[in-house]
Amino acid sequence: MRNHHFTVLLLAVLAILLPSCEGRIKFEGEIEFSFRTCIDYADTTYWYSCGDTTQAADVFYVYPTVSTISFVDNDSSWFADITMPEVREEANGNQRFNKMLYGEYNFYAPYYRQMIFEAYAQPDSVVRQLAQTAAKDVNDAFQYYMEHYNHGRPFFLMGHSQGSQMLIELLKNGMTEEQRQRMVAAYCIGYHVTAEELAEYPEALKPATDSLMQGLVVFNSVTDPTAIGMVSRYDVVGINPTTWTMATDTVPAEFHLGMAKYNNTRDSVLIVPCPTRTTLYNHTTVCPDLNPEMVFNPAYEKMFPKGNLHFADSWLFGGNVVENMRCRLRHYNF
């Protein structure tokens, strides 16, 4: 992994090169690599799905961190190079799953130069600067979608983890008031909004506090409060996705409408039972009846300790999310 001085120097050079669409960097003792500083979303190569127009509403979906490549093996880059077919392919399993899950809507899903997982081990100030590349791609793709694909339909923003991080940046800095009015809800699953962000962007980050209102929907889950990790620790808008409120009462297991699971036999995503009581603790949903080993990965234990359900958040409440999308759309003012 590079030292701190090299990281700072790289960011400075990137800032200088941003006005152009291509650049090349070579540092003494380091690997030379090229990069694009803008992606042409008129090129369908950079879309997993451009949707269709058969449904009354759209989903604009941004996938989570899927790149498994290391910094050293990535030509000393913190970003996934989506000009390479194999890098785009890494995202396709996740996108295909979600296209099936949200099949009631026209599905639009761009590729973007996401940060590789190792980037999140850098200091917060460096991560914020690195995130600007991914955020720019998502903003560019969204603006192209609104201009060329949306055609005035209501839409949902959907994301998980890094995808949700980039959608929150889009909400803060990239949407017009007209676009906000057309947005039924922004499901930013597996990420957080801090008190500082909420105070700085009160109009852009309007939390939905019931099951029907337009706005921002955030949730994270654990099996025990001791498993709350870095992703949700400072969240101030998280709700319980079995009730879509911030109430802290214990909710009976029958309110959980099932998790989304891929079915090999049918080649489809099904909603299957996954009963658990839930309660909200510090804006994180606690699911005490689930196995803390459910998605535990020792390699990521520092960020996601045992009992943290971050890797399940996007499908664990699949039944609730699908039903809630229907409810919000029915109450949307066309």
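Only a predicted model underlies this, so the values are computations on that prediction, with no experimental measurement involved.

Caption draft 1: The overall build of the protein chain, seen in detail. The number of helices and strands found in the protein chain is eight helices and 13 strands. Within the protein chain, the fraction of its 334 residues that count as buried is 53%. A separation threshold of at least 6 residues defines the contact pool for the protein chain, and within that pool the share at least 24 residues apart is 73%. Carbon and sulfur atoms form 52% of the exposed surface of the protein chain, whose accessible area is close to 15100 Å².

Caption draft 2: Examining the environment of alanine 312 more closely. By the secondary structure assignment, alanine 312 is in the loop between β13 (284-286) and α7 (313-316). A residue is classified by how much of its surface remains accessible, and alanine 312, at 0% relative accessible area, is buried. The spatial distance from the C-alpha of alanine 312 to the C-alpha of glycine 190 is 9.0 Å, given a sequence separation of 122 residues.

Caption draft 3: Examining the environment of glutamate 323 more closely. Within the fold, glutamate 323 resides in helix α8 (residues 318-330). Residue glutamate 323 is classed as partly exposed on the basis of its relative accessible area of 29%. Once the C-alpha coordinates of glutamate 323 and leucine 257 are considered, the two residues, 66 residues apart in sequence, prove to be 8.6 Å apart. Those residues in contact with glutamate 323, other than ones at most four positions away along the chain, are Leu257 and Arg330. Among the polar contacts listed, one links the side chain of glutamate 323 to the side chain of arginine 326, at a separation of 3.0 Å.

Caption draft 4: Geometry of the sheet that holds strand β6 (residues 155-160). Read from one edge to the other, the open sheet built from six strands follows the order β3-β5-β4-β6-β7-β8, with strand pairing classed as mixed. Either end of the sheet is taken by a strand with one partner, and the two such strands are β3 (47-50) and β8 (215-217). Adjacent strand axes in the sheet meet at a mean angle of 20 degrees, parallel and antiparallel pairs treated alike. Sheet contacts for helix α4 (residues 162-173): β4 (58-62), β6, β7 (183-189) and β8; angle to β6, the most-contacted strand, approximately 135 degrees.

Caption draft 5: Fine view of the environment of tyrosine 63. Position of tyrosine 63 among the secondary structure elements: in the loop between β4 and α2 (85-101). C-alpha separation for the pair tyrosine 63 and alanine 109, spaced 46 residues apart in sequence, amounts to 8.0 Å. Aside from chain neighbours lying at most four places away, what touches tyrosine 63 is Ile82, Ala91, Asn94, Gln95, Pro110, Tyr111, Tyr112, Gln114, His160, Gln162 and Gly163.

Caption draft 6: Spatial organisation of the side chain of aspartate 313. When you line up the elements, aspartate 313 lands in helix α7. Although buried, aspartate 313 forms no salt bridge, and the nearest oppositely charged side chain, arginine 233, lies 14 Å from it. Contacts of aspartate 313, omitting those with residues within four sequence positions, involve His160, Ile189, Gly190, Phe219, Asn220 and Ser221.

Caption draft 7: Looking closely at the side chain of arginine 182. Along the chain, arginine 182 falls in helix α5 (residues 177-182). According to the relative accessible area criterion, arginine 182 is buried, its value standing at 15%. Residues contacting arginine 182, with those up to four places away along its chain left out, are Met146, Asn150, Gly152, Arg153, Pro154, Phe155 and Tyr332.

Caption draft 8: Examining the packing of aromatic side chains more closely. One pass over the structure, following the stated rule, counts 21 aromatic pairs. When the ring of phenylalanine 219 is compared with that of phenylalanine 317, the centres are 5.6 Å apart and the planes differ by 80 degrees; the resulting orientation is edge-to-face. With phenylalanine 219 in the loop between β8 and β9 (221-222) and phenylalanine 317 in the loop between α7 and α8, this residue pair connects regions lying 98 residues apart in the sequence. Each member of the pair phenylalanine 219 and phenylalanine 317 is classed as buried. With 4.9 Å between their ring centres and 65 degrees between their planes, phenylalanine 304 and phenylalanine 311 make a pair best called edge-to-face. Accessibility expressed as a relative area gives 6% for phenylalanine 304, which makes it buried. Chaining the aromatic ring pairs together yields one cluster made of Tyr41, Trp47, Phe60, Tyr108, Phe142, Tyr144, Tyr145, Tyr149 and Phe155. Positioned above the aromatic ring of tryptophan 244, the side-chain terminus of arginine 328 is 5.7 Å from the ring centre.

Caption draft 9: Representation of the pattern of salt bridges. The tally for this structure, following the rule as stated, stands at 14 salt bridges. When the shortest N-O distance is used, the salt bridge between glutamate 169 and lysine 172 registers 2.8 Å. With a gap of three residues between them, glutamate 169 and lysine 172 both fall in helix α4, about one helical turn apart. For glutamate 169, a relative accessible area of 26% translates into the label partly exposed. The exposure class assigned to lysine 172 is buried, which follows from its relative accessible area of 12%. With a closest N to O distance of 3.1 Å, glutamate 178 and arginine 182 form a salt bridge. Of this pair, glutamate 178 and arginine 182 both sit in helix α5, separated by four residues, roughly a single helical turn. Within this structure, Glu104, Glu323, Arg326 and Arg330 form a network of salt bridges that share partners.

Parameters at a glance
- Every chain is numbered independently, its residues counted from 1 as its sequence is written.
- Only residues with pLDDT of at least 70 are given local features in this predicted model, and only at 80 or more are side-chain atom pairs given and counted; all residues enter the totals for whole chains, interfaces and linings.
- In computing side-chain properties, one takes all heavy atoms of the structure into account and sets aside hydrogens as well as water.
- What counts as a helix is a DSSP run of H or I of at least four residues, what counts as a strand is a run of E of at least two, and both are numbered from the N terminus.
- For the exposure calls, accessible area comes from a 1.4 Å probe over protein chains only, and a residue counts as buried if that area is under 20% of its type's maximum, exposed if over 50%, partly exposed in between.
- By definition, residues are in contact when any of their heavy atoms lie within 4.5 Å.
- Calculation of accessible area relied on Shrake-Rupley with a 1.4 Å probe; when residues are assessed, cover is drawn exclusively from the protein chains displayed.
- Any N or O atom pair separated by 3.5 Å or less is treated as a polar contact, with the protein-specific requirement of one donor-capable and one acceptor-capable atom, and with residues adjacent in sequence counted only for side-chain atom pairs.
- By this definition, two strands are paired if DSSP reports at least two bridges between them.
- Each axis is a line fitted through C-alpha atoms, taken for helices only over the stretch in contact, and angles between the N-to-C directions span 0 to 180 degrees.
- His is not counted here, nor are the chain ends, while Lys and Arg score as positive and Asp and Glu score as negative.
- Salt bridge criterion: a side-chain nitrogen from Lys or Arg within 4 Å of a carboxyl oxygen from Asp or Glu.
- Pairs were defined over the aromatic rings of Phe, Tyr and Trp, the Trp ring being its six-membered one, requiring ring centres within 6.5 Å. Orientation was assigned from the angle between planes: stacked under 30 degrees, edge-to-face over 60, tilted for the rest.
- As a reminder, the over-ring test applies to NZ of lysine and CZ of arginine, requiring each to be within 6 Å of the ring centre and within 35 degrees of the ring normal.

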